[in-house]
Structure formats: structure tokens, C-alpha cells
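Given next are the chains, with one letter for each unit.
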Amino acid sequence: MKEVIVIICCDTEPDQPQYGGLDYNVHFGKHTWKGIKEGIPKAKEVANYIEDAEGHNAKITWFLRSDDQIKELYGDPAWMVRNFMGIWKELGSQGDEIGWHPHLWRWNESIKSWYPELEDRIWIENCMEEGYNRFPEEFKLTSSRMCWNFHSNITMNKVDELGLKVDISAMPGQKSIKPVNDSPDSLYYDWEITKEPPYFPSQSDYRREADINERSLDILEIPLTNFEISLSWQIKRILKRFLRPGRGYPLGKRNPAKIDDNPDFFRSCAIRKFFESKENNCRTFLVSYFHADELPGKDSLASTYFERNLKYISEASRNYGVPFRFLTAREAAGEVIK
Ligand SMILES: [Zn+2]
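Residues numbered from 1 in each chain as written. Predicted model: local features only at pLDDT ≥ 70, side-chain atom pairs only at ≥ 80, totals over all residues. Heavy atoms only, no water.

Caption draft 1: Fine view of the coordination of the zinc ion. Coordination of the zinc ion by the protein involves Glu13 (OE), Glu13 (OE), His101 (NE2) and His103 (NE2), with metal-donor separations of 2.1 to 2.5 Å. Seen from the zinc ion, its four donor atoms lie at angles of 54 to 133°, and the figure they make is irregular. One chain supplies every donor for the zinc ion, spaced along it as E-x87-H-x1-H. Of this pair, Glu13 sits in the loop between strand S1 (3-12) and helix H1 (34-47) while His101 sits in the loop between strand S3 (97-100) and strand S4 (105-108), and the two are 88 residues apart along the sequence. Pair check on accessibility: Glu13 and His101 agree, each one buried. (Donors = N, O, S within 2.8 Å, 3.2 Å for Na, K, Ca; no water. Tetrahedral: all angles 85-135°; square planar, octahedral: opposite > 155°, others 65-115°. Helix = DSSP H or I, 4+ residues; strand = E, 2+ residues; numbered from the N terminus. Buried < 20%, exposed > 50% of the residue type's maximum accessible area, 1.4 Å probe, protein only.)

Shown next, in the form of C-alpha cells:
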């Protein structure tokens, strides 16, 4: 039977500066948590408006921070998990999943700012080991989503070694150029050769399946759904590259399809390829994400888009006569492996 599996991920973390959170140039301030206190109830309200082919409401996999930055500020990498424990247990009891969202924020005293540490192997491995080991055991972590949709051989080998079974970070065909100097925006990623279907990464190249003579990792990578951006968006992207030299920039014409963002993808005919296939027995994955702090506010555009985009998925399912099911990351991996 043809079907579409819909996976919705939430990066659940302190409020980002653009939503009233702590600025990246403050070393020891206290974070704000509007995303958790108000964003999560809002997301659940939207998720409960819709039903899949089995009558389930939209399931969400909540990826929680546990890492070095949280430890530096609160004395415990998993402070955020412990402090809001009641919320995670309640979400788990409703069929959602609790996963892990390790960030690689490191303080740089010379620029007086937090910046993404994407290269120092020893520091990265230590940050991830501590973040994972201190995560409360009752959640039996199986799923991860990396900070900034980033991975490298260091981080992919580490999530595998720690025993995680599924990761959702890849952005097939996408790559960005590395900024010249460290700053809060000095991100980069390379998923240029990655294909769309889920895969078990090669130990020596996280972006693809293992070749015959290579070792394959045991963690399943499920890539995010991405779409071709509009012409005006492409022009803006190219302009930025020339107006802000040295800042780093994404290459190519694609972007991940965020469930609470402008519905360029969800309302367009691009969604069709997920529901239309020549094969009879085929399953496609529609994988999307959002941040909890994007939703609060009475007139939040993000929550309007979230609701509309879920409706577009349901409409596409009806129009093309192909059922869809909401699964958590763990459930989806279980079905792929079976
Ligand atoms: Zn994040």
C-alpha cells in the first residue's frame, strides 16, 4: 500500500534572542523559557486539530537540550530536562517522544560571545558524552537532532557510539560556506551528496550509505524534507553573499520545509511527489521541524502556518488518495528497520 509517514520534530530549548531570550554576548545570564511554557501548549493545541489515517493527532518528537552550555549556566547539562520534568512526562503519556538536541555552543572570551564549536574533536566529544550520560534515564533516549542541522564524522560517530538509533538532521543536497571568523552565526554544514531516503551512514562519511568495504553505523539517518526556493529567495541569498563577505552563506536553491514557516512547499504542487508514486508498495517520508519559541503570542504567524501546513498535508492526502500517518522518530525508525 502507498502511504506517507509524517514526522514532526521540535527543537526544544531556551528562547532565542529574536524571541526575547538571552543574547549570545551574555556569558552567565539566565535564559527565558516562553517556548516551553507557552509554545508547547500552543503546538499541542494545533497538533490536536488534525487526525491521520488511523485517527491519531499529530505526534511530535521533542528534542531537548542537554549539553555543555546548559551545564555552564545551571551546573547540570540536563538541567532543562529535570526542571520541566512534568511537561516531558505528560507529553510522553500522550504518545509523543522525548529525544535529544545537543548544542555545541562554546564561550569565546576574545570575542565575548557564544559561538558554534564545530571542529575541536575532544571538546565536542566531551560535550556530547556528558550531555547524553546526564540525560534522565527514564526517557530511554533513542533519537537525536543536531544543533543547526549540522553533523560531521565526529558527531555522527559519537551519536552512534552513544547508542542512539535514529537521527534527523540531514538536509539532502544542501551545503553552506564556512564563515571566516567565529561569531554566533558562524555555522556551516555539508549534506551536498546526501540522498532523500533514510540511510545508515558510513563510518567514514556521515553524508552517505557505506560502500561495500566500509563499516556502516547502526544509527538510521532520516533526512529532513526540503524544497526548491522561489526565484526572489534565490536572489536574496545571492545578494547576501556579496553584501556580507566573510559571513558564510548557503549554496544552492534548497531549504528545509519547516512546518511553522511560510507554506511555499506545503501548499504548492511540490508536495505532490510525496503522495504520488508509480509503485504500489511505497512509503515516503515527510519530515519537518519547528522551534517551540516561535509559537507564543496571540498573533503568531508561526502557529497560523503550523495549523495551515498540517491542513495542506491532509488535503494532499485526500486529493491524491494516499493515506498518511504521524509517527515519532523512534516509531518511524522501527518501521524502516522492520
Ligand atoms: Zn537548537
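The rest of the description comes next.
Caption draft 2: Representation of the pairing of S4 within the structure. As defined by bridge partners, S4 adjoins strand S5 (residues 113-116) across four bridges and the pair is classed as antiparallel. Residue Trp105 lies in a different strand from S5, and its bridge partner there is Pro116. With antiparallel pairing between neighbouring strands as the criterion, S4 and S5 make up a hairpin whose turn holds four residues, including Lys112 at a positive phi of roughly 50°. (Pairing = 2+ DSSP bridges.)

Caption draft 3: Looking closely at H1. If you check H1, its first and last C-alpha atoms are 19 Å apart, about what 14 residues at 1.5 Å a residue would give, namely 20 Å. Along H1, the helix axis deviates most sharply at Ile40, where the bend reaches about 25°; the proline Pro41 sits within four residues downstream. Within the span of H1, buried status applies to Gly35, Ile36, Gly39, Ile40, Ala43, Lys44, Val46 and Ala47. Buried residues along H1 sit in contact with S1, strand S2 (60-64), helix H3 (79-83), helix H4 (85-93), strand S13 (283-291) and helix H9 (301-320). (Expected span 1.5 Å × (residues − 1). Bend = angle between axes of the 7 residues up to and from the residue. Contact = heavy atoms within 4.5 Å.)

Caption draft 4: How the structure looks around the packing of H1 against H4. Closest axis-to-axis distance for the H1/H4 pair is 12 Å, and the angle between their directions is 10°. Judged by the angle between their axes, H1 and H4 are roughly parallel. Between H1, through Ile36, Ile40 and Lys44, and H4, the contact on the second element is made entirely by Ile87, Trp88 and Leu91. Residue classes in the contact of H1 with H4 are distributed as five nonpolar, no polar and one charged. (Axes fitted to C-alpha atoms, helices over the stretch in contact; angles between N-to-C directions. Parallel < 35°, antiparallel > 145°, perpendicular 65-115°, else oblique. Nonpolar A, V, L, I, M, F, W, Y, C, P; charged D, E, K, R; others polar.)

Caption draft 5: Geometry of the packing of aromatic side chains. Considering all chains together, one arrives at 21 aromatic pairs under this definition. For the pair Trp107 and Trp114, a centre-to-centre distance of 5.5 Å together with 75° between the ring planes defines the contact as edge-to-face. This pair shows no difference in class: Trp107 is buried, exactly as Trp114 is. Measuring from centroid to centroid gives 6.1 Å for Phe227 and Phe265, while their planes differ by 35°, and the two rings are tilted. (Phe/Tyr/Trp six-rings, centres within 6.5 Å; stacked < 30°, edge-to-face > 60°.)

Caption draft 6: Just H4, in detail. Those residues of H4 that fall on the buried side of the exposure criterion are Met85, Trp88 and Leu91. Each buried residue of H4 sits inside an arc of 130° when the element is viewed along its axis, so together they form one side. Residues Gly86 and Ser93 are exposed on H4 and point more than 90 degrees away from its buried face. Tucked inside the fold, the buried residues of H4 contact S1, H1, S2, H3 and S3. Of the residues one or two after H4, Gly95 is the one with positive phi, at around 100°. (Arc of directions from axis to C-beta.)

Caption draft 7: Layout of the nonpolar core. The biggest cluster of nonpolar side chains holds 96 residues, and the ones touching the most others in it are Trp88 and Leu104. Per-element accounting of this core gives the leading share, seven residues, to S1. (Core = buried A, V, L, I, M, F, W, Y, C linked by side-chain atoms within 4.5 Å.)

Caption draft 8: Spatial organisation of a nonpolar patch on the surface. A surface patch of nonpolar side chains, amounting to about 440 Å² of accessible area, comprises Leu231, Ile235, Leu239 and Leu243. Tracing the backbone through its elements, the reader meets Ile235 in helix H7 (residues 231-243). On the basis of relative accessibility, which here comes to 47%, the residue Ile235 falls in the partly exposed class. (Patch = residues over 30% accessible without salt bridge, like charges linked within 9 Å, V, L, I, M, F, W, Y side chains within 5 Å. Areas by Shrake-Rupley, 256 points an atom, 1.4 Å probe, with all protein chains shown as cover. Salt bridge = Lys/Arg side-chain N within 4 Å of Asp/Glu carboxyl O.)

Caption draft 9: Representation of the pairing of S2 within the structure. In terms of residue burial, S2 counts as a mostly covered element, since five of its five residues are buried. Because side chains alternate across S2, one face comprises the buried residues Ile60, Trp62 and Leu64, and the other comprises Thr61 and Phe63, equally buried. Strand direction decides the pairing type here: S1 and S2, joined by five bridges, are parallel. Directly across from Cys10, in S2, lies its bridge partner Trp62. Note on the crossover from S1 through H1 to S2: the handedness is right-handed. (Right-handed = clockwise from strand over helix to strand, strands pointing away.)

Caption draft 10: Summary view of unusual backbone geometry. The phi angle at Lys140 is positive, at roughly 40°, despite the residue not being glycine. Checked against the element boundaries, Lys140 lands in the loop between helix H5 (121-133) and strand S6 (143-144). Here Lys140 falls in the exposed class, since its relative accessible area comes to 63%. At Asn149, a position not held by glycine, the phi torsion is positive, near 55°. Tracing the chain through its elements places Asn149 in the loop between S6 and helix H6 (153-161).

Caption draft 11: A look at the packing of H5 against H6. Axis separation between H5 and H6 bottoms out at 10 Å; the angle between their running directions is 30°. Between H5 and H6, the angle is such that the two are roughly parallel. H6 is crossed by H5, and the crossing has right-handed handedness. Together, Arg121, Ile124, Glu125, Met128 and Glu129 of H5 and Ile154, Thr155, Lys158, Val159 and Glu161 of H6 make up the contact between the two elements. Tallied by class, the residues present in the contact of H5 with H6 amount to four nonpolar, one polar and five charged. (Left-handed = near helix turned anticlockwise from the far one by under 90°.)

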